[in-house]
Amino acid sequence: MSDHSDQTRTERARATLRANDRGGYCVPTARLYPFQWNWDSAFVAMGWATFDEPRAWDEILSLLRGQWDDGLIPHIVFHAPSDDYFPGPDVWQIHHTPPTSGITQPPVLATAARQLLERAKDHALAEARMATLYPRLLLNHRWWQQARDPARTGLVATLHPWETGMDNSPAWDAAMARVPTTTETVIRRRDTAHVDPAMRPRAEDYQRFIHLVDVFRGAGWAPDRMLAASPFKVADIGTNAILLRAERDLLALAERFGSAAERAEIAARIAGMQAAIQRLWDPGLGLFTCLDLIGNAPVRVGTSAGFLPLYGRAATAEQAAVMAGTMQAWAQRVAWLVPSTDPAHPSFEPLRYWRGPIWAVVNWMIADGLAQAGNAGLAAHIRDTTRRLIEAGGLSEYFDPTDGRGVGGADFSWTAAIYLLLTD
Ligand code: 2M8
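The following paragraphs examine the structure supplied in this document. Note that the structure is predicted; figures quoted are calculated from it, not measured.

Turning our eyes to something else, we now look at the overall build of the chain. The helix and strand tally for the chain stands at 17 helices and 9 strands. Reported as C-alpha extents along the three principal axes, the dimensions of the chain are approximately 60 × 50 × 45 Å. Across the 424 residues of the chain, 60% fall into the buried class. Of all intrachain contacts in the chain linking residues separated by at least 6 positions in sequence, the fraction that spans at least 24 positions is 70%. Taken as a whole, the chain presents about 15,500 Å² of accessible surface, with 50% of it coming from carbon and sulfur. In the chain, the 41 positive side-chain charges and the 47 negative ones have mean positions that sit 1 Å from each other.

Moving on: the pattern of salt bridges. All told, the structure shown has 32 salt bridges when counted by the stated rule. With a closest N to O distance of 3.0 Å, R352 and E349 form a salt bridge. The exposure class of E349 is partly exposed, given its relative accessible area of 29%. In this structure, the salt-bridge partner of D403 is R405, at a minimum N-O distance of 3.3 Å. If you follow the salt bridges from partner to partner, you end up with D6, R9, D384, R387, R388 and E391 in one network.

Once that is clear, we can look at the side chain of T385. By secondary structure assignment, the location of T385 is in helix α16 (residues 376-393). The residues touching T385, leaving out its near neighbours within four places in the chain, are W336 and L337.

Near the ligand lie 18 residues; those nearest to it are W37, D40, Y85, G165 and D167. At a separation of 3.0 Å, an oxygen atom of the ligand approaches a polar side-chain atom of Q105. In the complex, the protein chains occlude 100% of the 410 Å² of accessible area that the ligand would expose alone. Split into classes, the residues belonging to the shell around the ligand amount to 12 nonpolar, 3 polar and 3 charged.

Here the focus is the packing of helix α5 (residues 109-118) against helix α6 (residues 123-148). For the pair α5 and α6, the least separation of the axes is 10 Å and the interaxial angle reads 165°. When the axes of α5 and α6 are compared, the pair comes out roughly antiparallel. The handedness of the crossing between α5 and α6 comes out as left-handed. Mapping the contact onto sequence places L109, A110, A113 and L117 in α5 and A126, E127, M130, L133, L137 and H141 in α6. Residues belonging to the contact of α5 with α6 are distributed by class as follows: 8 nonpolar, 1 polar and 1 charged.

Another aspect to go through is the packing of aromatic side chains. To describe a pair of aromatic rings, one takes the distance between the centres and the angle between the planes. Scanning all chains against the criterion turns up 28 aromatic pairs. Ring centres of Y206 and F209 lie 5.3 Å apart, and the angle between their planes is 65°; on these two criteria the pair is classed as edge-to-face. With a gap of 3 residues between them, Y206 and F209 both fall in helix α10 (residues 203-218), about one helical turn apart. There is no split in this pair, since Y206 and F209 are both buried.

Let's shift gears to the sheet that holds strand β7 (residues 297-299). Taken in spatial order, the 3 strands make up an open sheet running β3-β6-β7, and their pairing is antiparallel. Whereas interior strands pair on both sides, the edge strands pair on one side only; in this sheet they are β3 (234-235) and β7. Pairing geometry for β3 and strand β6 (residues 290-292), over 2 bridges, is antiparallel. For A235, the partnering residue across the bridge sits in β6 and is L291.

As a further point, take the packing of α16 against helix α17 (residues 413-423). It is at 10 Å that the axes of α16 and α17 come closest, and there the two elements cross at 130°. Relative to α17, the element α16 lies oblique. Between α16 and α17 lies a crossing of left-handed hand. Within the contact between the two elements, α16 uses R383, T386, R387, I390 and E391 and α17 uses T415, I418, Y419, L422 and T423. Here the residues of the contact of α16 with α17 sort into 4 nonpolar, 3 polar and 3 charged.

The next point concerns the environment of H194. By the secondary structure assignment, H194 is in helix α9 (residues 191-194). Given the relative accessible area of 21%, H194 is considered partly exposed. Residues H194 and A19, spaced 175 residues apart in sequence, show a C-alpha to C-alpha distance of 18 Å. Among residues more than four places away in sequence, those in contact with H194 are R31, L32 and D84. Engagement of the side chain of H194 in a polar contact is seen with the backbone oxygen of D84, the distance being 3.3 Å.

What follows covers helix α2 (residues 38-48). Here α2 lies mainly inside the structure; 11 of its 11 residues are buried. Those residues of α2 that sit buried are N38, W39, D40, S41, A42, F43, V44, A45, M46, G47 and W48.

For N38, the position within the fold is in helix α2. Take N38: its relative accessible area is 4%, and that puts it in the buried class. For N38, the side chain forms a polar contact with the main-chain oxygen of I73, separated by 3.1 Å. Leave out the neighbours within four places in its chain, and N38 touches L63, I73, P74, H75, T104, Q105 and P106.

In this model, F86 is joined to P87 through a cis peptide bond whose omega is 0°. Looking at the secondary structure, you find P87 in the loop between β2 (76-77) and α4 (89-92).

For the rest of this paragraph, the subject is α6. Given a rise of 1.5 Å per residue, 26 residues ought to cover 38 Å, and the 35 Å separating the end C-alpha atoms of α6 matches this to within 8%. Roughly 30° is the biggest bend found in α6, and it falls at L133, with proline P135 one to four residues downstream.

Calculation criteria
- Residues numbered from 1 in each chain as written.
- Predicted model: local features only at pLDDT ≥ 70, side-chain atom pairs only at ≥ 80, totals over all residues.
- Heavy atoms only, no water.
- Helix = DSSP H or I, 4+ residues; strand = E, 2+ residues; numbered from the N terminus.
- Buried < 20%, exposed > 50% of the residue type's maximum accessible area, 1.4 Å probe, protein only.
- Contact = heavy atoms within 4.5 Å.
- Areas by Shrake-Rupley, 256 points an atom, 1.4 Å probe, with all protein chains shown as cover.
- Lys, Arg positive; Asp, Glu negative; His and termini not counted.
- Charge placed at Lys NZ, Arg CZ, Asp CG, Glu CD.
- Salt bridge = Lys/Arg side-chain N within 4 Å of Asp/Glu carboxyl O.
- Near = heavy atom within 4 Å.
- Polar contact = N/O pair within 3.5 Å; in protein donor to acceptor, adjacent residues only side chain to side chain.
- Nonpolar A, V, L, I, M, F, W, Y, C, P; charged D, E, K, R; others polar.
- Axes fitted to C-alpha atoms, helices over the stretch in contact; angles between N-to-C directions.
- Parallel < 35°, antiparallel > 145°, perpendicular 65-115°, else oblique.
- Left-handed = near helix turned anticlockwise from the far one by under 90°.
- Phe/Tyr/Trp six-rings, centres within 6.5 Å; stacked < 30°, edge-to-face > 60°.
- Pairing = 2+ DSSP bridges.
- Expected span 1.5 Å × (residues − 1).
- Bend = angle between axes of the 7 residues up to and from the residue.

As structure tokens, then:
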């Protein structure tokens, strides 16, 4: 009975990827997100790889069709037109084929590529694809340093909440309060026509999101001008931990596909990031925090991103043990782990997007980090929790940590991918 239903569930997850396939790339879900998104696709590629390796490589290659000459991998690639999403290519006004956005997202791609290579059954295909991919990934990691950490602090800056992937996290509230709500662009939101507005960012959030896009478009999308002009500038702990992990994976790939000089270059970036992330440890909160680069102050809000240095292999054994305790404390207030915001924080909202709900991709990264840190028990618990949430709540965009309900959009590609990875 359970074997049969496990097979059915696996088949449903695969069918969701197939249904969201638009020809070599997946949309996150039909209608709400009708294009290819950067970090979604990295997870989706790993999901495809559990049953269709050629298609998994295609997912990555499709995303890289959006890569700019300077190395930027945009957060959205607009492969085909759609009126279902705002802001579309007309707002970004970027001259690239295919059209893209002009900001990025957490760089999971090198990690995904390494996993595809190491788990490959078709070795010839994997070697051929990696030989093409490696220089593109290297170019992208160089872009992160040149465009977002030109002063070589060891921390990259994110200039828009969309870049963090955690759009309306309470971690951005203070920094976003500096961003004016005026826009040149007329705001025509489509998201609230697809899902309950109570679960989405507020109107004021969107005014600030679009104000930032207007500023960057005015700066001609030049990295130095964007960095100088942006009224929002944070060192996001999630992005930095994910980039550090990606650099480690790129270094492993460079053993096979790169030169000694490239390995030295990557190793130097790793050392710089490792040291800088250590400075973001917050013993009072029992996790890592973000740094507001304009106010030059730590952002003292506990979020699930604060556990991601485990995934980046940046936490000490002692910090890993403290973070496990922090998660256990959060578990006293909610039924399910890991809520995206500390449930004791006044900004915690269990249903509003990145202000409380559980996201399967974040749980997957946290569990990976806990396992690596030697906490097999909590890692297994979070993996098991995530699997059960999906089995009960469907392939939903995210989950209510108070009752486990699946909420947001349905039939989500990255949730399907994580289910496939958890049950592979
Ligand atoms: C959400 O972000 C987009 C903007 O990029 C949006 O709300 O319109 C976030 O959950 C982000 O992390 C995710 O990549 C994207 C697509 O699933 O949706």
